[in-house]
Amino acid sequence: MLDPKDRLIRCFSSVFPGLSQEDILQTSADAVGEWDSLSHVTLAAVIQEEFGIEIDPQILQELNSFDAFHEYLERSGAAYIE
Amino acid sequence: MKLIEALEILRRPVNCSARTVRVSLACGFTPLHLKTFLEAQLRELFPQSNVSVISGRYGDLVGNIERQDLSELDAMALPIEWSDLDSRLGVRTLGGWRPDDLIDIVENVKESAERIQKVISEAARHVRVVISMPTLPLPPIFTTSSIQAGSIETRLHSIVGLTAESLSQIQGVCLASQQYLGLISPLNDRYDLKADLAVGFPYTLRHASSVATSFSKLIRNRPTKKGLITDLDDVLWGGIVGDDGIDGISWELDRHTQMHGLYQQVLSALAGTGVLIGVASKNDAQTVKQAFERTDLLLSKNDLFPIEVNWSRKSDSVQRILKTWNIGADSVIFIDDSPMELAEVKAAFPELECRLFPKNDDQGIWDLLVDLRAAYEKTIVTHEDRLRLNSIRGAGDWQRESTLAGGPSDDFLQSADASITFEFNGGCDNTRAFALVNKTNQFNLNGKRFADHEWRRLFDNQTSFLLTASYKDKFGPLGTIAVLFGSMHGNIVHLSGWVMSCRAFSRRIEYQCLKFLFDNLNAEEILFEFEPTQKNTVLHEFLSDLLKMPPVQGCSLAKHDFLARIPSLFHHIEVSVHA
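Residues numbered from 1 in each chain as written. Chains lettered and ligands numbered in written order. Predicted model: local features only at pLDDT ≥ 70, side-chain atom pairs only at ≥ 80, totals over all residues.

## A word on the overall build of chain B
Moving on, step 1. A count of helical and extended segments in chain B gives 22 helices and 18 strands.
Moving on, step 2. Whereas a compact globule of 579 residues would reach a radius of gyration of roughly 25 Å, chain B reaches 28 Å, a difference of no more than 12%.
Moving on, step 3. Overall, the C-alpha framework of chain B stretches about 85 × 70 × 45 Å when taken along its three principal axes.
Moving on, step 4. Counting across all 579 residues of chain B, residues that qualify as buried make up 38%.
Moving on, step 5. Pairs at least 24 residues apart make up 73% of the contacts formed inside chain B by residues separated by at least 6 positions. (Helix = DSSP H or I, 4+ residues; strand = E, 2+ residues; numbered from the N terminus. Rg over C-alpha atoms; globule rule 2.2 N^0.38 Å. Buried ≥ 20, exposed ≤ 12 C-beta atoms within 10 Å, placed from the backbone. Contact = placed C-beta atoms within 7 Å.)

## Re the interface of chain A and chain B
Moving on, step 1. Taken together, the contacts link eleven residues of chain A with twelve residues of chain B.
Moving on, step 2. Elements represented by at least two residues in the side of chain A that touches chain B include exactly helix 1 (4–15) and helix 3 (37–51) of chain A.
Moving on, step 3. Ranked by residue count, the leading element in the side of chain A that touches chain B is helix 3 of chain A, at five residues.
Moving on, step 4. For the side of chain A that touches chain B, a count of residues per class yields seven nonpolar, one polar and three charged. (Nonpolar A, V, L, I, M, F, W, Y, C, P; charged D, E, K, R; others polar.)

## Thoughts on the packing of helix 1 of chain A against helix 3 of chain A
A pair of packed helices is characterised by two quantities: the angle between their axes and the separation of those axes.
Residues and elements named next belong to chain A.
Moving on, step 1. At a minimum axis distance of 9 Å, the contact between helix 1 and helix 3 shows a crossing angle of 145°. In the crossing of helix 1 with helix 3, the sense of the turn from one axis to the other is right-handed. Residues Arg7, Cys11, Phe12, Ser14 and Val15 of helix 1 touch helix 3, and the partners they reach there are Ser39, Thr42, Leu43, Val46, Ile47 and Glu50.
Moving on, step 2. Each residue belonging to the contact of helix 1 with helix 3 can be placed in one class, and the counts come to six nonpolar, three polar and two charged. (Axes fitted to C-alpha atoms, helices over the stretch in contact; angles between N-to-C directions. Left-handed = near helix turned anticlockwise from the far one by under 90°.)

## Quick notes on the sheet that holds strand 9 (residues 332–336) of chain B
Residue and element names in this part refer to chain B.
Moving on, step 1. Across the sheet, which stays open at both edges, the five strands sit in the order 8-7-6-9-10 with parallel pairing between neighbours. Looking at which strands have only one partner, the edges of the open sheet turn out to be strand 8 (304–310) and strand 10 (353–356). Sheet twist, expressed as the average angle between the axes of neighbouring strands with direction ignored, equals 20°.
Moving on, step 2. Of the strand pairs in this sheet, strand 6 (residues 227–230) and strand 7 (residues 276–282) are connected by four bridges, and their pairing is parallel. (Pairing = 2+ DSSP bridges.)

## Here we look at the domain arrangement of chain B
Size of an interface, as often reported, equals the accessible area lost when the parts are brought together.
Moving on, step 1. Under the domain assignment used here, chain B contains domain 1 (3–219), domain 2 (227–375) and domain 3 (400–577).
Moving on, step 2. The C-alpha centroid of domain 3 of chain B is placed 36 Å from the C-alpha centroid of domain 2 of chain B. (Domains from an automatic or database assignment.)

## Focus on the nonpolar core
Residue and element names in this part refer to chain B.
Moving on, step 1. One finds Val23, Leu38, Ile120, Val129, Val130 and Ile131 to be the most contacted residues of the largest nonpolar core, which totals 76 residues.
Moving on, step 2. At eight residues, helix 5 (residues 99–124) tops the list of elements feeding residues into this core.
Moving on, step 3. Grouped together as the second largest cluster of nonpolar side chains are 44 residues, Ile249, Val275, Ile333 and Trp398 included. (Core = buried A, V, L, I, M, F, W, Y, C linked by C-beta atoms within 7 Å.)

## Here we look at the packing of helix 5 of chain B against helix 6 (residues 151–168) of chain B
Residues and elements named next belong to chain B.
Moving on, step 1. The interhelical angle for the contact between helix 5 and helix 6, taken along N-to-C directions, is 10°, at an axis separation of 10 Å. It follows that helix 5 is roughly parallel to helix 6 by the angle criterion. Judged by residue contacts, Leu102, Val106, Val109, Lys110, Ala113, Gln117 and Ile120 of helix 5 engage Ile152, Arg155, Leu156, Ile159, Val160, Thr163, Ser166 and Leu167 from helix 6.
Moving on, step 2. Residue composition of the contact of helix 5 with helix 6, grouped by class: ten nonpolar, three polar and two charged. (Parallel < 35°, antiparallel > 145°, perpendicular 65-115°, else oblique.)

## With respect to the confidence of the model for chain B
All names here are of chain B.
Moving on, step 1. The pLDDT averaged across chain B works out to 91; a share of 99% of its residues lies at or above 70.
Moving on, step 2. Averaged over each element, pLDDT in chain B is lowest for helix 16 (residues 383–404) (73) and highest for strand 9 (98).
Moving on, step 3. Overall fold confidence (pTM) sits at 0.77, and the ipTM for the predicted complex is 0.88. (pLDDT = per-residue confidence, 0-100.)

## So, helix 11 (residues 258–272) of chain B
Residues and elements named next belong to chain B.
Moving on, step 1. Compared with an ideal rise of 1.5 Å per residue, which puts 15 residues at 21 Å, helix 11 spans 21 Å between its outermost C-alpha atoms and is within 8% of the ideal.
Moving on, step 2. Of the residues making up helix 11, those classed as buried are Met259, His260, Gly261, Tyr263, Gln264, Val266, Leu267, Leu270 and Ala271.
Moving on, step 3. Buried positions along helix 11 lie against strand 6, strand 7 and helix 15 (362–375). (Expected span 1.5 Å × (residues − 1).)

## With respect to the sheet that holds strand 5 (residues 173–175) of chain B
Residue and element names in this part refer to chain B.
Moving on, step 1. As summarised here, the arrangement of the five strands in space is 2-1-3-4-5, forming an open sheet in which the pairing is parallel. Every interior strand has two partners, whereas the edge strands, strand 2 (50–55) and strand 5, have only one. On average, each strand axis in the sheet is inclined to that of its neighbour by 20°, with strand direction left out of account.
Moving on, step 2. Of the pairings in the sheet, the one linking strand 3 (residues 75–79) to strand 4 (residues 128–132) comprises five bridges and is parallel in character. Directly across from Pro79, in strand 4, lies its bridge partner Ser132.
Moving on, step 3. Lying over the sheet, helix 2 (residues 32–45) contacts strand 1 (20–25), strand 2 and strand 3, oriented at roughly 160° with respect to strand 2.
Moving on, step 4. Contacting strand 4 and strand 5, helix 6 runs over the sheet at an angle of about 140° to strand 5.

## A word on the pairing of strand 16 (residues 525–528) of chain B
Consecutive side chains of a regular strand alternate in pointing toward one face of the sheet and then the other.
All names here are of chain B.
Moving on, step 1. Residues of strand 16 alternate between two faces, with Ile526 and Phe528 buried on one and Glu525 and Leu527 left unburied on the opposite face.
Moving on, step 2. Summarising the sheet, strand 15 (residues 492–500) and strand 16 pair through four bridges and their orientation is parallel. Bridging across to strand 16, Leu495 finds its partner in Phe528.
Moving on, step 3. For the crossover that starts at strand 15, traverses helix 20 (residues 509–520) and ends in the parallel strand 16, the hand is right-handed.
Moving on, step 4. Examined bridge by bridge, strand 16 and strand 17 (residues 555–558) share four bridges and lie antiparallel to one another. Within strand 17, the position partnered with Phe528 by the bridge is Cys555. (Right-handed = clockwise from strand over helix to strand, strands pointing away.)

Shown next as structure tokens:
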């Protein structure tokens, strides 16, 4: 079983296939051209399905980087749900 | 399939030189993840091809169908939802749910359904259209509680039901089964209110994946099986006839063997659609013969042919049955309750699908029956389907008499009292011709298979032609057994496709087919778009003999050579020519 961070990297990689693992760790909506509203919705759907969570739409708007998603998952405890 | 898996499938490299399967996803909502799932599922089902799924504008289902350039498409997928029939049946429009509004909604749904049906009918003339009727729950618009189905709700369902019935009868239209969808996507886990409000995508990921599964399977033209070989004891009936006696075997509720009755019922239904049913049983032939005299059997003995009852290896029986049917093992399912027998047969015929009859597992038998229906699926049962078994029996008689006469000699063929009816340009809607082209292997010019729309496009050109031949003789009718199609270029016929049923071999029908082209199309030469396949050796041998050399792509036959090499023909010929 992958650790939560690796699972999150896999989610990002599926939506932004052009990014390397190192790029993903640094990535944010501002820095990635393909990160538009459609890919944001897709990324959120992939992460919610992968971690079995529902992200509040208000909070989702603020999750605009890899770090932001990672911190959210750690904070909510979702990272440790199998 | 999970969304992440779908996205990862789409990341796989594509083969730029491979054919692209083009599908239009026309829907009234944001296609979002449904598009992703559909593209991924199609990639899985068409591993040798590229896949392109295109979508249209939000909120305009009819426009998305109408605007589509159908000539470039392989299929169109239409997930129709309630909000496409009236936007007030969705949550993104606030149009009112007062009692008066409900009457208006019903009228509007009726009009929208008619409009959608009209554009689908038009599209289906050019491309395969797969449709799901509304899959989401209706919103709380009714005066009754959600427990009760009031008159408005039943009227809405009735309109949708009648529309579905009409659509299902249109050639080229495939409706997704609500029952199948219900099995893989429970109703209470289909609607994603939050995503609908946020981005106009109303499906949960699970439901989107399920609808995509349904669509992709309907888009794929899977070849169906042609024959089924069944065991008898503890399969066709409950009990061992040799031990329990003729009256000891059963298929009834009281003796807990009802599932064997249901199995008989399904085999009987399959036989009615032209599926060949044979028997391979290790048993005493006389005892089995007596068992088949029981009048309460749900499967007529006439539906079973051949019946191989002996004590030899099952694979030997299977081999004889396949030889009699003259079809490949990959077109047949073998059913037995013994894993050992299944393994023995599988070792001899690796392409044969071998299925265990789970005799003490009612649910397992039920699942087997569902699978059998899918394996032998047929949208339309043709006249030839009903004739098939009798013509195979007739072929046995033909073979016997022919052998007694020392082969299909001139005398024997003359005495067969055979007639061939040619139908020229009878229309590409000839379902038998389409089916024959898509399933014939041995006498097949090049093995090409066609989707509905590809088939229809072949005949768009004014120079193109379609010729079918039906045959009968004193041993019985064979129905439509040959199909030829191609185009005319001056006095040269380009023959793009030619298939003939294996049941019609050794009757010199193939010579009559070519003679028809020379005589009736005033042709001086026929060009064959021949391609060798792993299975078309019969046609290869025929052309080798006729051309006096092995056939190659684009080989040709001149009329004077044909007339010099043609054997004596004795058929009575009838011709029906359409404009």
